[in-house]
Amino acid sequence: MSDPFTGEHEQFRSTVRDFVEKELRPHASSWENAGEFPRRILQECASGGFVQSDPWLNAVLAEEIPRCESLGFALSFFVQANLIIPLLEEFGTDAQKATYLASLRAGDSIGAMAVTEPGAGSDFAALTSTAEVAAGDLILSGEKTYITNAALADILLVAVRIPTLADGLTMVLVPTKHPGVSIERLETLGLCASGTGKIRLNGCRVPRTNIVGAAGEGFVQVQRGLNRERLLGGLACIAWAQYALDKAADYARERTAFGSPLNRFQALRHEFAEMATQLEAARSLNYRTLSRWVAGETVTREICMIKLFSYQAAQQAITFCLQVHGGRGYMADHWTSRFYRDARALTIAAGTPEIMKDMIAAYEKI
Amino acid sequence: MDIEGKVREMIGRASGLPADTIAPEAKLADLDMESLEKLECVLSLEDALHVEIKEDDLWRLKTVQDVIDAVRRVAPASA
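Everything quoted here is computed from the prediction, not taken from an experiment.

Glancing now at the overall build of chain B. The helix and strand tally for chain B stands at four helices and zero strands. Its helices and strands in sequence order give chain B the pattern α-α-α-α, from N to C terminus. For chain B, whose C-alpha radius of gyration is 11 Å, the value lies close to the compact-globule estimate of 12 Å for 79 residues. In terms of overall dimensions, chain B has C-alpha extents of about 30 × 25 × 20 Å along its principal axes.

Put into structure tokens, the structure is as follows:
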């Protein structure tokens, strides 16, 4: 399969790469150390045309934004652009779109999707947050945790059960400034700029019109969102790992040991070859699946394979990059050290390899 | 084609319950059929009945009757 991107896409890529190099990368360390990024950055991304509905332009963004080296920022951006905005565009009412969408698209407000709870991650059946119906309003109670963007968010998409309206999950829009919402930032191993946090809903009252789509349709919405997140996230993590591998190769060409540059040692050359091959294979799977997804085919099986294979391949490549740098790479302020901490999340967030293998085995009818 | 019978048989197999004890109004969650079991059951039904259920419809299934209706919607007219 040839490269799926057209000249127009490549022109867009050049614009994004220029912005990433000039406006984002110089600040990556300080954002990750501070645990946040300036809000104006999302606005600048929006005004630069980086909130797109075209899937191939989103693929370009997925491949370019991680080159900023602040994976926390990249994750925040992708949650906003690839999860919250598309879900509201697809399932939101006209009133919800008028109230929230323009501000999200402009980067004036930040969104987060709150599904995971202390007692339930992949096991959606165990989610217990609820909403009661009272005089045209919903009163929400429950706790959500490990939520990307929580500490930065203005608006939450919260998964709750509303037993009096429907079985299953229902997504509800909740402004974070509402009484009854409290948010606590959580300290994480990596992805520090992404504002990961815990959300408590204690009698939070919102209008019933804040239900996104129909009551009981939340599971479909979450699955749609997860598919998009895993697919574009696969492109992002492969591109990020390739960027890291290229940087590690530069270092291996410069650094000498026993009188030779590191890149002349067969042990390292073979490992570079192994990592490059895995990334290439992952990229091919991602591009092919994206093409089919854009054509409207059902590709959840392949997306599970991407989440399993591509994310692990990226994690392995990042781990190798640290190894190439030896003691220098192990220093907390070195880029490989930060990437290593960030990469640990690749096989935890948005579906573990264990869950993906269960899903793939089901599709394979094993 | 006895769609209802086939659906009850497959759900019985997935849930470990005798097919004749599975009522149409039973909730899949109450039969311990969560997303993975639901996926496996629907894939098996697709194979057995030569039908294809849209994925969004799959994720919307909540009761045994929902499964029966979803299969009927895509089954050939003679079924």
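Let us now look at the overall build of chain A. Looking only at helices and strands, one finds eleven helices and nine strands in chain A. The C-alpha radius of gyration of chain A comes to 21 Å, within 12% of the 21 Å expected for a compact globule of 366 residues. In terms of overall dimensions, chain A has C-alpha extents of about 80 × 45 × 40 Å along its principal axes. Across chain A, every contact between residues at least 6 apart in sequence was considered, and the portion connecting residues at least 24 apart equals 76%.

All names here are of chain A. When its domains are assigned, chain A resolves into domain 1 (7-105), domain 2 (111-214) and domain 3 (219-363). A C-alpha centroid distance of 23 Å is found between domain 1 and domain 2. With 22 residues of domain 1 in contact, the opposing surface of domain 2 contributes 17 residues. Of all the secondary structure elements, the ones that give two or more residues to the side of domain 1 that touches domain 2 are α2 (28-34), α5 (71-91) and α6 (94-105). In terms of residue count, α5 provides more of the side of domain 1 that touches domain 2 than any other element does, eleven residues in total.

Moving on, we get to the environment of Gly48 of chain A. Along the chain, Gly48 of chain A turns up in the loop between α3 (39-47) and α4 (55-64). It is 8.7 Å that separates the C-alpha atoms of Gly48 of chain A and Phe19 of chain A, two residues lying 29 residues apart in sequence.

Attention now moves to the nonpolar core. All names here are of chain A. Grouped together as the largest cluster of nonpolar side chains are 137 residues, with contacts concentrated most on Val158, Val172, Ala241, Ala314 and Ala317. The element best represented in this core is helix α7 (residues 218-254), accounting for 17 residues. Apart from the residues lying within four places of it in its own chain, the contact partners of Ala314 are Cys237, Ile238, Trp240, Ala241, Ala343 and Leu346.

Any two packed helices are characterised by how steeply their axes cross, that is the angle between the axes, and by the distance between the axes. All names here are of chain A. Packing of helix α9 (residues 300-330) against helix α11 (residues 353-363) leaves a shortest axis separation of 9 Å and a crossing angle of 145°. Where α9 crosses over α11, the handedness of that crossing is left-handed. Contact residues: Arg301, Cys304, Met305, Lys307, Leu308 and Gln312 in α9; Pro353, Met356, Lys357, Met359, Ile360 and Tyr363 in α11. The residue makeup of the contact of α9 with α11, split by class, is eight nonpolar, one polar and three charged.

Before going further, it helps to examine the environment of Leu43 of chain B. Locating Leu43 of chain B in the fold gives a position in helix α2 (residues 35-49). Taking the C-alpha atoms as reference, Leu43 of chain B lies 8.6 Å from Ile53 of chain B; in sequence the two are ten residues apart.

As a further point, take the interface of chain B and chain A. Interface size is commonly expressed as the accessible surface area that is lost when the partners come together. With 13 residues of chain B in contact, the opposing surface of chain A contributes 14 residues. Secondary-structure elements contributing two or more residues to the side of chain B that touches chain A are α2 and α3 (55-60) of chain B. Top contributing element to the side of chain B that touches chain A by residue count: α2 of chain B, with five residues. Within the side of chain B that touches chain A, the residues separate by chemical class into five nonpolar, one polar and seven charged.

It is worth spelling out the confidence of the model for chain B at this point. Residue and element names in this part refer to chain B. Mean pLDDT over chain B stands at 89; residues scoring 70 or higher make up 95%. Highest mean pLDDT in chain B belongs to helix α4 (residues 64-74) (94); lowest belongs to α3 (90). Predicted complex, confidence summary: ipTM 0.88, pTM 0.94.

Turning our attention to the packing of α5 of chain A against α6 of chain A. Residue and element names in this part refer to chain A. Following both chains from N to C, one finds α5 and α6 inclined at 160°, their axes separated by 10 Å at the closest point. Classed by the angle they form, the pair α5 and α6 counts as roughly antiparallel. The two elements α5 and α6 meet at a crossing, and its hand is left-handed. For the pair α5 and α6, contact is made by Gln80, Ile84, Ile85, Leu88 and Glu89 and by Gln96, Lys97, Tyr100, Leu101, Leu104 and Arg105, respectively. Residue composition of the contact of α5 with α6, grouped by class: six nonpolar, two polar and three charged.

Let us now look at the pairing of strand β4 (residues 155-161) of chain A. All names here are of chain A. Counting buried positions over the seven residues of β4 gives seven, a clear majority of the element. Every second residue of β4 is oriented toward a common face, with Ile155, Leu157, Ala159 and Arg161 on one face and Leu156, Val158 and Val160 on the other, all of them buried. The sheet contact formed by strand β1 (residues 111-114) and β4 spans four bridges and is parallel. Residue Met113 lies in a different strand from β4, and its bridge partner there is Leu157. Where β4 and strand β5 (residues 169-175) come together, seven bridges link them in antiparallel fashion. Looking at β5, one finds that Val158 is bridged to Val172.

What counts and what doesn't
- Residues numbered from 1 in each chain as written.
- Chains lettered and ligands numbered in written order.
- Predicted model: local features only at pLDDT ≥ 70, side-chain atom pairs only at ≥ 80, totals over all residues.
- Helix = DSSP H or I, 4+ residues; strand = E, 2+ residues; numbered from the N terminus.
- Rg over C-alpha atoms; globule rule 2.2 N^0.38 Å.
- Contact = placed C-beta atoms within 7 Å.
- Domains from an automatic or database assignment.
- Core = buried A, V, L, I, M, F, W, Y, C linked by C-beta atoms within 7 Å.
- Buried ≥ 20, exposed ≤ 12 C-beta atoms within 10 Å, placed from the backbone.
- Axes fitted to C-alpha atoms, helices over the stretch in contact; angles between N-to-C directions.
- Left-handed = near helix turned anticlockwise from the far one by under 90°.
- Nonpolar A, V, L, I, M, F, W, Y, C, P; charged D, E, K, R; others polar.
- pLDDT = per-residue confidence, 0-100.
- Parallel < 35°, antiparallel > 145°, perpendicular 65-115°, else oblique.
- Pairing = 2+ DSSP bridges.

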